[in-house]
Amino acid sequence: MNMTDKKLHSQRHSLAHIMATAIKRHWPDAKFGVGPVIDNGFYYDVDLGQNKLSTDDFPIIEKEMKRIISSNTPFDHFDLDIDSAIKWAEENRQPYKLELLNDLKRAGTTSASDIDSEELGLQSDGDSKVEEVSFYRNDDFTDLCRGPHVANTSEVGAFKLIRISGAYWRGKDTNPQMQRVYGAAFETKEKLNEYLQAVESAKKYDHRKLGQELDLFVISPLVGSGLPLFTPRGTVLRDELNRYSQEIRKKLGYQNVWTPHIAKQELYEVSGHWAKFGDEWLTVSSKETKDNLVLKPMNCPHHQQIYSSRPRSYRDLPIRYMETTTDYRDEKAGELIGLARVRSLTQDDSHTFCTPEQIDECISSLVGTVKEFYETLGMNLKARLSFRDESDKYLGDKDLWDKAQGILKNIVEKSGLEYYIGEGEAAFYGPKIDFMGSDVLGRELQLATPQLDFVQPERFGLKYTDEDGQEKTPVMIHFALMGSIERFLAAYIENSKGRFPVWLAPEQIRVITVNQEEETIRFANELKEKALEYNLRIEVDNSNESVGKKIRSSEIMKIPYTLVIGEKEISSGRVSPRIREDLKNGPDIELPKEDFIHKLAHESENRAKVSTLNE
RNA sequence: GCCGUUGUAGCUCAGUGGUAGAGCACUUCCAUGGUAAGGAAGGGGUCUCGGGUUCAAAUCCCGACAACGGCUCCA
């Protein structure tokens, strides 16, 4: 953290306490959980028992906070031994703080991962014995906390309370739910307003809004929630993205396979998925068989059945299958979000079966593929190493896990990508690299993911004959490049602001006629015929509207190239394309209509990022 | 699933106890228009659904469903 970040951090952290102070003054029975600093601000978890805070209370709380701030009170800091701290929590009827302190005393270390050491006032010296915890005191309110704080309440900068939501105590859904009050906070009023405006304007690029405006997908209540339907335009995006995803993996040796959408429950009992996820699946009933059938929620077990259908030699490995196919998961109602979380998700899935020695090379090449794909689409990714934690929800040998995690970490480090470790984020069958994109509000979305799996091949009894004649179990690498097309689109539509490059644009060219004369319409239609020969996506707008209005409509639909056709173009045979602003790569240009079509066909095939008309 | 907010025309929204509104979109007509909205007329809503209160409910109350913001979960 640099100096500015440190100061901002202290300001936000101090504001959390000031907010708690303000709440305590108006609701004396308030019980407090934790109140850490987050991106753009802070929050504090509170429990008012029967009373509930609502955003209607924000003016009261903000007013009180401002009063505290202008009171110029210093942040007073002192330490207590753990037993006195526990006594403090009891006397002040702070059961949540008491629970944390008791846990701390019992554990005797700071290693408990779900405890916010800053909030708890621990001295940050790793796993050493806790003997003392820190407090801060400000006027009439005392709280357990190490800081950092600003010296005086007047130094906290600008803030605004923005949101209130439910949050389980210590993140466990079996615990009581507290209210989480969020505030935005910045050094100055200007920066705060800048942030609030940025959030407001980001909403313009929400994929749900753009999906509606650009006519990409719809959700019909009659079909069901979390079951998006894709329009012709949206389907172009899906198909083109998938074509690219498959093309790029084909180069690595992946071959297409096809598997059905329903399967026997037994398949997933063997894979291990049923025990863990069976509750969240959609079942299928048959009058013809006694089998319990399910709509497939993933594809790995199927691909393994193809692998195991014949004897394999080490000479055959790696064997690589890919399939873009829709899976169904009965996600809980409150968990659905636009296209980012749906009940019908289309994975651009693939599975590699290889020897342990081949793991490094296989995964490294996948990481390279991820970089290439996302670079082409202009999206930034962060790598998350999703590793196991100490819980018992994972299958397979712990030593093997450690080894696998080491391999993944090594690969990511070599790749030069920014990464972080997500402890407890692993799949039950193995560790993975999750490539995280973000939506327009900066929320993380899991996109591409290579995953190592020693467990399923074992459970399915997969074998290959090694060069020493021994039968061995292959390693499986799960890999999806987009993850799911739906979630990818959620991120991509927002990242691109709906301004798709020519190769992806559902409509690449719009031809606008100046009038409705017969020869104008004929010229426009000839242009269309010609473009269609080159597989370009083109529409003619010869509606009885003004030219200005038709151009506006083309702009709103974010169409890359707009051609206005009138007397001038007909007599010269040349066109002057209007190029969407973000694609412009030079001065305005006029060229023979055939050249325009040729250049565009080329631009589309080569997945160009900007217009190539000037080249 | 949990906590909270919201649900009025295809879209964006106004209307807060007294027989439902605007802009855009759509249809028709007039205007033949040259790089971001030409003019006029018209059609379109059991005010999400189901109960309740009331002489009277889009409006108040309860419930369901859905969307949204979080939490939890995410193969």
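Residues numbered from 1 in each chain as written. Chains lettered and ligands numbered in written order. Predicted model: local features only at pLDDT ≥ 70, side-chain atom pairs only at ≥ 80, totals over all residues. Heavy atoms only, no water.

**Quick word on the overall build of chain A**
Across its full length, chain A holds 19 helices and 30 strands. Along the first, second and third principal axes, the C-alpha atoms of chain A reach 90 × 70 × 50 Å. Every one of the 615 residues in chain A was classed for burial, and the buried ones make up 51%. By sequence separation, contacts in chain A at least 24 residues apart represent 71% of the contacts at least 6 residues apart. Here chain A holds 83 positive side-chain charges and 102 negative ones, and the gap between their average locations is 2 Å. (Helix = DSSP H or I, 4+ residues; strand = E, 2+ residues; numbered from the N terminus. Buried < 20%, exposed > 50% of the residue type's maximum accessible area, 1.4 Å probe, protein only. Contact = heavy atoms within 4.5 Å. Lys, Arg positive; Asp, Glu negative; His and termini not counted. Charge placed at Lys NZ, Arg CZ, Asp CG, Glu CD.)

**Quick look at the layout of surface pockets**
Its boundaries defined by the atoms lining it, the largest pocket holds a volume of some 1,800 Å³. Along the walls of the largest pocket sit 50 residues, with Arg329, Arg341, Lys432, Gln446 and Arg487 positioned nearest its centre. Listed by contribution, the elements that provide at least two residues to the lining of the largest pocket are α7 (207-213), α10 (273-277), β16 (344-354), β19 (432-438), β20 (444-446), β21 (449-453), β24 (475-484) and α15 (485-496). Per element, the largest residue contribution to the lining of the largest pocket is five residues, and it comes from β24. When grouped by side-chain class, the residues that make up the lining of the largest pocket number 20 nonpolar, 12 polar and 18 charged. Empty space within the second largest pocket amounts to approximately 730 Å³. Surrounding the second largest pocket, 21 residues form its lining, Asn40, Arg163, Tyr195, Val199 and Leu441 being those nearest its centre. Of all elements in the fold, only β7 (158-168), β8 (177-186) and α6 (189-202) reach the threshold of two or more residues within the lining of the second largest pocket. For the lining of the second largest pocket, the element with the highest residue contribution is α6, accounting for six residues. (1 Å grid on protein atoms, 1.4 Å probe; cavity = no way out; pocket = protein on both sides within 12 Å on 5 of 7 lines; lining within 4 Å. Points joined across faces, edges and corners; volume = space filled by probe spheres on them. Nonpolar A, V, L, I, M, F, W, Y, C, P; charged D, E, K, R; others polar.)

**Re the protein's contact with RNA strand B**
Taken together, 53 residues lie around RNA strand B, and Ser165, Gln177, Val514, Asn544 and Arg552 are the ones closest in. Each atom of RNA strand B within 4 Å of the protein belongs either to a base or to sugar and phosphate, the latter forming 49%. Separating a base oxygen of RNA strand B from a side-chain N or O atom of Glu335 is a distance of 3.0 Å. The separation between a base nitrogen of RNA strand B and a polar side-chain atom of Asn544 is 2.2 Å. (Near = heavy atom within 4 Å. Polar contact = N/O pair within 3.5 Å; in protein donor to acceptor, adjacent residues only side chain to side chain.)

**Remarks on the pairing of β16**
Where burial is concerned, most of β16 is hidden: 11 out of the 11 residues are buried. Alternating positions in β16 separate into two faces, Ser344, Thr346, Asp348, Ser350, Thr352 and Cys354 on one and Leu345, Gln347, Asp349, His351 and Phe353 on the other, with burial throughout. Of the pairings in the sheet, the one linking strand β15 (residues 319-328) to β16 comprises 10 bridges and is antiparallel in character. Along β16, the bridge assignment pairs Ile319 with Phe353. Of the pairings in the sheet, the one linking β16 to β24 comprises seven bridges and is antiparallel in character. Each bridged residue has a counterpart across the sheet, and for Phe353 the counterpart in β24 is Met476. (Pairing = 2+ DSSP bridges.)

**Section: the sheet that holds strand β27 (residues 561-565)**
Strand order in the open sheet made by the four strands is β26-β25-β27-β29, with mixed pairing throughout. Unpaired on one side and paired on the other, β26 (538-541) and β29 (578-579) mark the two borders of the sheet. Of the pairings in the sheet, the one linking strand β25 (residues 509-513) to β27 comprises five bridges and is parallel in character. By the bridge assignment, Thr513 is partnered in β27 with Ile565. Lying on the sheet, helix α17 (residues 547-556) is in contact with β25, β26, β27 and β29; it crosses β25 at an angle near 170°. (Axes fitted to C-alpha atoms, helices over the stretch in contact; angles between N-to-C directions.)

**Here we look at the confidence of the model for chain A**
This prediction gives chain A a mean pLDDT of 92; 95% of its residues lie at or above 70. A low-confidence stretch, residues 109-115 (pLDDT under 50), is modelled with 16 contacts involving residues beyond four sequence positions or located in other chains. This model gives residues 123-129 a pLDDT under 50, and the stretch forms 12 contacts once residues within four places in sequence are excluded. Across the interfaces of the predicted complex, the ipTM metric reaches 0.95, alongside a pTM of 0.94. (pLDDT = per-residue confidence, 0-100.)

**A word on the sheet that holds strand β14 (residues 293-295)**
To summarise the sheet geometry, strands pair through backbone hydrogen bonds and adopt either a parallel or an antiparallel arrangement. Sheet architecture is open: three strands sit in the order β12-β14-β13, paired in antiparallel fashion. Across the chains shown, the open sheet's two edge strands, defined by having one partner strand only, are β12 (262-264) and β13 (283-284).

**A few points about the side chain of Ser344**
One can find Ser344 in strand β16. Residue Ser344 is classed as buried on the basis of its relative accessible area, which comes to 10%. Not counting chain neighbours up to four residues away, the residues in contact with Ser344 comprise Gly226, Leu227, Pro228, Thr326, Asp327, Tyr328 and Glu486.

**Comments concerning helix α2 (residues 58-70)**
Between its terminal C-alpha atoms α2 stretches 18 Å, which fits the 18 Å expected from 13 residues at 1.5 Å a residue. Once α2 ends, the next one or two residues include Asn72, with phi positive near 60°. (Expected span 1.5 Å × (residues − 1).)

**Focus: the packing of helix α1 (residues 3-26) against α2**
One way to put it is that α1 packs onto α2 with a least axis distance of 9 Å and a crossing angle of 115°. Note that α1 runs across α2; the crossing there is right-handed. Here α1 contributes Leu15, Ile18, Met19, Thr21, Ala22, Ile23, Arg25 and His26 to the contact with α2, which in turn contributes Ile60, Ile61, Glu64, Met65, Ile68 and Ile69. When grouped by side-chain class, the residues that make up the contact of α1 with α2 number 10 nonpolar, two polar and two charged. (Left-handed = near helix turned anticlockwise from the far one by under 90°.)

**Describing the pattern of salt bridges**
One pass over the full model with this rule turns up 40 salt bridges. Among the ionic pairs, Asp103 bridges to Arg170, the shortest N-O distance being 2.7 Å. Within this pair, whereas Asp103 is found in helix α4 (residues 95-107), its partner Arg170 is found in the loop between β7 and β8, the two being separated by 67 residues in sequence. Judged by its relative accessible area of 19%, Arg170 is buried. Residue Arg522 is joined to Glu518 by a salt bridge in which the shortest nitrogen-to-oxygen separation is 4.0 Å. Highlighted residues: Arg522 and Glu518, both in helix α16 (residues 518-533), separated by four residues, approximately one helical turn. A relative accessible area of 63% places Glu518 in the exposed class. A cluster of three or more residues bridged by salt bridges with shared partners is formed by Glu99, Asp103, Arg106 and Arg170. (Salt bridge = Lys/Arg side-chain N within 4 Å of Asp/Glu carboxyl O.)

**A short note on helix α13 (residues 398-415)**
The first and last C-alpha atoms of α13 sit 26 Å apart over 18 residues, in line with the 26 Å expected at 1.5 Å per residue. Listed in full, the buried residues belonging to α13 are Trp401, Ala404, Gln405, Ile407, Leu408, Ile411, Val412 and Ser415. One face of α13 carries all of its buried residues, which in axial projection span an arc of 155°. Exposed side chains of α13 directed beyond 90 degrees from the buried face belong to Asp399, Lys403 and Lys414. Taken from the residues just after α13, Gly416 is the one with a positive phi, measuring 75°. (Arc of directions from axis to C-beta.)

**A few points about empty space enclosed by the protein**
Applying the stated criterion across every chain, the model contains two cavities of 30 Å³ or more. Approximately 80 Å³ is the volume found for the largest cavity. If you trace the largest cavity, you find it lined by Leu214, Leu216, Arg233, Gly498, Phe500, Ala505, Pro506, Glu507, Met557, Lys558 and Ile559. Of the residues that constitute the lining of the largest cavity, the class distribution is seven nonpolar, one polar and three charged. Forming the walls of the second largest cavity are Ser554, Glu555, Lys558, Ile559, Pro560, Thr562, Arg578, Ile579 and Arg580. For the lining of the second largest cavity, the elements supplying multiple residues, two or more each, are α17 and β29. Per-class residue counts for the lining of the second largest cavity are three nonpolar, two polar and four charged.

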